[in-house]
Amino acid sequence: MHTNNTIRRKVMAGFTAVLAGATLLGAVPMASATETADVQTLSQHGGAQRIASTPATGKAKNVILFIGDGMGDSEITVARDYLYGPGGTLNGIDKIGQAGATSATETGVGQYTTYATGDGSSRTNQVTAVTDSAASGSGWATGTKTYNNAVSVDNSFTLQMNLLELAKAKGLATGNVTTAEVQDATPAVMESHSTQRSCYGPQGKTDGTSDDSEKRCDAEQLLQNGGIGSISEQLLDTRADVTLGGGNKYFNQTAQAGQWDGKTLKEQATERGYQYFEDPSQLASLTEANQDSPVLGLFSSGNMPTQYNESKALDHDTAEQMALAGQQDGNQSLVSCSTNSEWLGNKGASLADMTSKAIDLLSNNQNGKDNGYFLQVEGASIDKQDHNANACGQIGETDDLDKAVAAALAKVDLSNTLIIATADHAHTSQIVSWPTYYGLTTPLRAKDGSALYVAYATSSSPMDQGGSMSHTGTQLRIAASGPGASRVNGLTDQTDNFFTIAKTLGLASSTEEIAAQSDGADATVSKAADGSYTANATGFNGDASLSYSLVDKATGKTIASQDGCTVDNGHQGVCGVRVRTTQTTPIAFPAGAIAEGGTYELIVTGKQSGKKIVKEFQGVAKNASAMTDNNGDVAVPTTDGEAIAQAEAQVAKQKEAATLAKTGVAIALIAILAVVCAAAGIKLRSNGIAFRDDDAE
């Protein structure tokens, strides 16, 4: 009976606890798993993934990522309907992800979200539904959500390693192709890091005849202020095997610090071994591209000319009159698009031409043969012409990208190559049944003769007053064919694209994996024939930037460093020395910093990985010519500072042990003597310590 009562009490207590818990759950609203995480979580590397636990379904040797800037579902449909009719098929874009349309055994089609984690104008950290190209590109390039206006930096302005850098670290060949300026957001996220997407060059976003750097670049990013440099300067440091696009006018700007101070970026590119050219007719003659001789082809001063001539969007009354006239004349009065005589496809440099050549060059590159390649291709002006409410311009650029995808499909083996086709953000154009009353409309006569009304209505001000149609925040189509393609199925996020590509290629993707790529880092010191000293950092392949300090061992003072910013604006991530992935990163010491015979400690730290290298060296004698190489440079003997510290600590321990041993022997002798003295009734005092027998007074 007692046992039954005990059991009954325990059961009742358990029931009461469950009831109390249920009451508590009813009183406190439960958080839904579908709610948006906080900005701090979302802006962490990988924090916005929707399929973080989904493994890569295949391994690819090569990946080609096609980006249609501003190419939402509406833009794809507008181009398809105009060029081939509503029931037609785009020759490249529509085949990617379509089972049976190519030789790929694995395909995938899905949608992804594109929101940003901050507003670029005020840099507030908040979920922002409508992204710009920079934040969106940074998402798939680095796996990290960020604020509008950011180029591969996070919300705290810390540099994030991108796919092109990670591919180089793995030994792959790399390429970056665009119809925009190579400094524009989408290509820039693969070859640079910037807190301002407009930091095109050391003089800002100018053609070099003026200086707008203060308005276009955060001052601390500039080389002369201890920063990592502008987008164009970083592009030269990143050293992709192939870079093709526009924006050559920005290479007329001059460097303001360092080895190339006063020289144009064009001169710097040539001196650094680039095959630099601006004539599009030279593209066809290229036969090789590698790290010894990378290709940098910049075919226009700004963005490349569009394939089709401009069309004008019309107000409601004008568009309606044209539409009514079209009903009477079989749509003959409606707008038909025409080819632009300035389009570089007429000179052998369409996006398809550039893509085809890039694939050839990367495939023949030794790294490409051995390890594979990563290539990003952007059709840039779908977005730019959508902003301008230019239906024909937008259609032509979508067609240009479609032909580039088709050219890639004709060249690659989809058993070892993954092709992904997607966009960075949605845009404004819509197919409507009749000219819109509140916006602008272009009445087109499609190739099949039907009427196609393309409407634009997202400008915040009238177009005739400089208004521009805006991006929209809707999710985007993503499609893939080749190994790993099915990972894009369903609803993902743009940051998932980074992990899909990285995992499929076998690249480092987690923060820990990326940091581990700097485990083999090292640094040496050399003295040039002109007496200047340079530190040479190698192996920091898990870092985008470095900091360093140079300490005079005699005085303990830091005599040179590059870590904090000259202009302290809180953007610490853009300070420091830009890492040249898989190359030697030079760190030039100030003139006169190193004295002959002086002893110095050099500390080089990876700003992303935290890897630290400590070296001790001495200023070499002026007559060190016997140690020089063919350039007259001297290799300065350095000693690993960590090893020095360990050795010094070991010596100190040995000295301490010896001292303790001596002290122990002395104490033992004194103790013996004390016993003898005590037996004799004698007091002994040594070093201020009295030894006596308590009974002996």
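Sequence order as written defines the numbering, with residues in each chain counted from 1. Predicted model: local features are reported for residues with pLDDT of at least 70 only, side-chain atom pairs are reported and counted for 80 or more only, and whole-chain, interface and lining totals are derived from all residues. As a convention, hydrogens and water are excluded, and side-chain values are obtained from all of the structure's heavy atoms.

Q: Could you give me a rundown of the confidence of the model for the protein chain, with the residues and numbers involved?
A: As a per-residue measure, pLDDT tells how confident the predictor is, with possible values from 0 to 100. Summing up the model confidence of the protein chain, the mean pLDDT is 88 and the portion of residues at 70 or higher is 84%. In what follows, residue pairs with any heavy atoms lying within 4.5 Å of each other are defined as contacts. When the criterion is pLDDT under 50, residues 1-32 qualifies, and its contacts beyond four places in sequence or with other chains add up to zero contacts. A low-confidence stretch, residues 659-697 (pLDDT under 50), is modelled with 16 contacts involving residues beyond four sequence positions or located in other chains.

Q: Please give an account of the nonpolar core that cites residues and values.
A: Buried Ala, Val, Leu, Ile, Met, Phe, Trp, Tyr and Cys residues form a nonpolar core when they are joined through side-chain atoms within 4.5 Å. Think of it in three bands: residues with accessible area under 20% of the maximum for their type are buried, residues over 50% are exposed, and the middle band is partly exposed, with areas taken using a 1.4 Å probe on protein chains only. Grouped together as the largest cluster of nonpolar side chains are 90 residues, with contacts concentrated most on I64, F66, F299, F374, L375 and I419. With seven residues, the single largest contributor to this core is helix 11 (residues 351-364). Formed by 25 residues, the second largest nonpolar core is a distinct cluster that contains A537, F540, L550 and A560. Secondary structure elements follow DSSP: runs of H or I no shorter than four residues count as helices, runs of E no shorter than two count as strands, and numbering proceeds from the N terminus.

Q: Describe the sheet that holds strand 5 (residues 275-277), and please don't skip the residues or the numbers.
A: Adjacent strands of a sheet form backbone hydrogen bonds with each other and so pair up, either parallel or antiparallel. If DSSP finds at least two bridges between two strands, the strands pair. Sheet architecture is open: 10 strands sit in the order 5-6-4-3-7-1-8-12-2-13, paired in mixed fashion. What marks the edges here is a single partner per strand, and that holds for strand 5 and strand 13 (490-493). In this sheet, adjacent strand axes meet at a mean angle of 15° when their direction is disregarded. Relative to strand 6 (residues 295-298), strand 5 runs parallel, the two sharing three bridges. Each bridged residue has a counterpart across the sheet, and for Q275 the counterpart in strand 6 is V295. To obtain an axis, a line is fitted to C-alpha atoms, over the contacting stretch when the element is a helix, and the angle between two such axes runs from 0 to 180 degrees between their N-to-C directions.

Q: Quick one: what's the story with the state of the cysteines, residue by residue and with numbers?
A: Think of a disulfide as a covalent bridge from one cysteine sulfur atom to another cysteine sulfur atom. Any two cysteine sulfur atoms within 2.5 Å of one another count as a disulfide. By the definition in use, this model includes two disulfides. Between the sulfur of C199 and that of C217 lies a disulfide, 2.2 Å long from S to S. Here the S-S torsion is close to 95°, and the disulfide linking C199 with C217 is therefore right-handed. Here C217 lies in the loop between helix 7 (213-216) and helix 8 (231-238) and C199 lies in the loop between helix 6 (185-191) and helix 7, a separation of 18 residues in the sequence. Side by side, C199 and C217 carry an identical accessibility label, which is buried. Each disulfide pairs two cysteine sulfurs, and for C337 the partner residue is C392, the sulfurs being separated by 2.0 Å.

Q: I'd like a description of the packing of helix 11 against helix 14 (residues 391-411), backed by residues and values.
A: If you want to describe how two helices pack, look at the angle between their axes and the distance between the axes. In contact at an axis separation of 7 Å, helix 11 and helix 14 are set at 30° when each is read in the N-to-C sense. By the angle between their directions, the pair helix 11 and helix 14 is classed as roughly parallel. Seen from above, helix 11 lies across helix 14 with right-handed handedness. Listed contacts from helix 14 to L351, A352, T355, S356, I359 and D360 of helix 11 are D400, L401, K403, A404, A407, A408 and K411. By residue class, the composition of the contact of helix 11 with helix 14 is seven nonpolar, two polar and four charged. Convention used here: angles under 35 degrees read as roughly parallel, angles over 145 as roughly antiparallel, angles from 65 to 115 as roughly perpendicular, and any remaining angle as oblique. The hand of a helix crossing depends on one turn: near helix anticlockwise from the far one by less than a right angle means left-handed, and clockwise means right-handed. Note that Gly is not counted as nonpolar here; it falls among the polar residues with everything else outside the nonpolar set of Ala, Val, Leu, Ile, Met, Phe, Trp, Tyr, Cys and Pro and the charged set of Asp, Glu, Lys and Arg.

Q: Can you tell me about the layout of surface pockets, naming the residues and giving the values?
A: In this analysis the probe radius is 1.4 Å and the grid spacing 1 Å, with only protein atoms considered; a cavity is a set of points the probe fits into but cannot get out of, a pocket is an open set with protein on both sides within 12 Å along at least five of seven lines, and lining residues have an atom within 4 Å of a point. Grid points are joined across faces, edges and corners, and a volume is the space filled by probe spheres set on the points. Considered as a void within the structure, the largest pocket measures approximately 850 Å³ in volume. Forming the boundary of the largest pocket are 31 residues, of which G258, Q259, R580, P586 and A588 lie nearest the centre. Contributing elements (two or more residues each) for the lining of the largest pocket: helix 8, strand 15 (533-538), strand 17 (557-562), strand 18 (577-578) and strand 19 (585-588). Looking at the lining of the largest pocket, its residues break down into 15 nonpolar, 11 polar and five charged. Looking at the second largest pocket, its volume works out to about 360 Å³.

Q: Describe the pattern of salt bridges, listing the residues and the values that go with them.
A: Just to be clear on terms, a salt bridge is a Lys or Arg side-chain nitrogen sitting within 4 Å of an Asp or Glu carboxyl oxygen. For the structure on display, the rule yields 17 salt bridges. Between D94 and R80 there is a salt bridge, with the nearest N and O atoms lying 2.9 Å from each other. Of the two residues, D94 is situated in the loop between helix 3 (73-84) and strand 2 (107-113) and R80 in helix 3; the sequence distance between them amounts to 14 residues. Neither D94 nor R80 differs from the other in exposure class; each is buried. Each of D132, D184, R197 and K384 takes part in salt bridges that share partners, so that together they form one network.

Q: Would you mind going over the environment of C337 in detail, with residue names and values included?
A: For C337, the position within the fold is in the loop between helix 10 (316-328) and helix 11. A residue is classified by how much of its surface remains accessible, and C337, at 15% relative accessible area, is buried. In this structure, the C-alpha to C-alpha distance between C337 and I395, residues 58 residues apart in sequence, is 8.8 Å. If near-sequence neighbours (up to four positions away) are discounted, C337 is found in contact with Y82, Y308, C392 and L444.

Q: Could you give an account of the pairing of strand 2, naming the residues involved and the relevant values?
A: Strand 2 sits mainly inside the fold: five of its seven residues count as buried. Where strand 2 meets strand 12 (residues 476-481), six bridges bridge the pair, whose relative direction is antiparallel. The residue bridging G110 from the neighbouring strand is I478, located in strand 12. In this sheet, strand 13 lies alongside strand 2 in parallel orientation, the contact comprising four bridges. The residue bridging Y112 from the neighbouring strand is T492, located in strand 13.

Q: So what about the pairing of strand 6? Which residues, and what values?
A: Alternating residues of strand 6 divide into V295 and G297 and L296 and L298, and every residue in both groups is buried. With four bridges joining them, strand 4 (residues 242-246) and strand 6 adopt parallel strand pairing. Each bridged residue has a counterpart across the sheet, and for L244 the counterpart in strand 6 is G297.

Q: Pulling in residues and values, what's your account of the side chain of E165?
A: You can see E165 is positioned in helix 5 (residues 163-169). For E165, a relative accessible area of 0% gives the class buried. Of note is the side chain of E165, whose polar atom sits 2.9 Å from the side chain of R578. Here E165 is in contact with Q160, H193, A544, R578 and T581, once residues within four sequence places are set aside. Under this definition, polar contacts are N or O atom pairs within 3.5 Å; protein pairs additionally need one hydrogen-donor-capable and one acceptor-capable atom, and for neighbouring residues in sequence, both atoms have to be side-chain atoms.

Q: So what's going on with the sheet that holds strand 11 (residues 451-456)? Residues and values would help.
A: Read from one edge of the open sheet, three strands run 9-11-10, paired in antiparallel fashion. Each edge of the sheet is formed by a strand with only one pairing partner; in this case those strands are strand 9 (430-432) and strand 10 (440-445). On average, each strand axis in the sheet is tilted by 35° relative to the strand beside it, whichever way the strands run. By the bridge criterion, three bridges tie strand 9 to strand 11 in an arrangement that is antiparallel. Across the sheet, residue V432 finds its bridge partner in strand 11, namely Y453.

Q: So what's going on with helix 14? Which residues, and what values?
A: An expected span of 1.5 Å times one less than the residue number is assigned to each helix. Its 21 residues place the ends of helix 14 31 Å apart at the C-alpha level, agreeing with the 30 Å of an ideal helix rising 1.5 Å per residue. Burial within helix 14 is extensive, with 17 of its 21 residues counted as buried.

Q: Now, about the packing of aromatic side chains: what can you tell me, with residues and values included?
A: Centres within 6.5 Å are what make two rings of Phe, Tyr or Trp a pair, Trp counting through its six-membered ring; a difference in plane orientation under 30 degrees is then read as stacked, over 60 as edge-to-face, and the rest as tilted. Summed over the entire model, instances satisfying the criterion amount to 10 aromatic pairs. Ring plane angle 70° and centroid distance 5.7 Å describe the contact between W434 and Y453, whose orientation is recorded as edge-to-face. Taken together, the residues span a long stretch of sequence, with W434 in the loop between strand 9 and strand 10 and Y453 in strand 11 at a distance of 19 residues. Members of the aromatic cluster, joined through ring pairs, are Y548, F589, Y600 and F617. Sitting over the ring of Y115, K145 keeps its end group 3.7 Å from the ring centre. Our definition puts a charge over a ring when NZ of Lys or CZ of Arg is within 6 Å of the ring centre and also within 35 degrees of the ring normal. The residue whose ring lies beneath R239 is Y274, and the NZ or CZ to ring-centre distance is 5.0 Å.

Q: Account for the packing of helix 3 against helix 14, with residues named and values stated.
A: Remark: helix 3 packs on helix 14, axes separated minimally by 9 Å, with the N-to-C direction vectors making an angle of 90°. Taken as axis vectors, helix 3 and helix 14 run roughly perpendicular relative to one another. Within the contact between the two elements, helix 3 uses E75, V78, A79, Y82, L83 and Y84 and helix 14 uses Q394, I395, T398 and D399.

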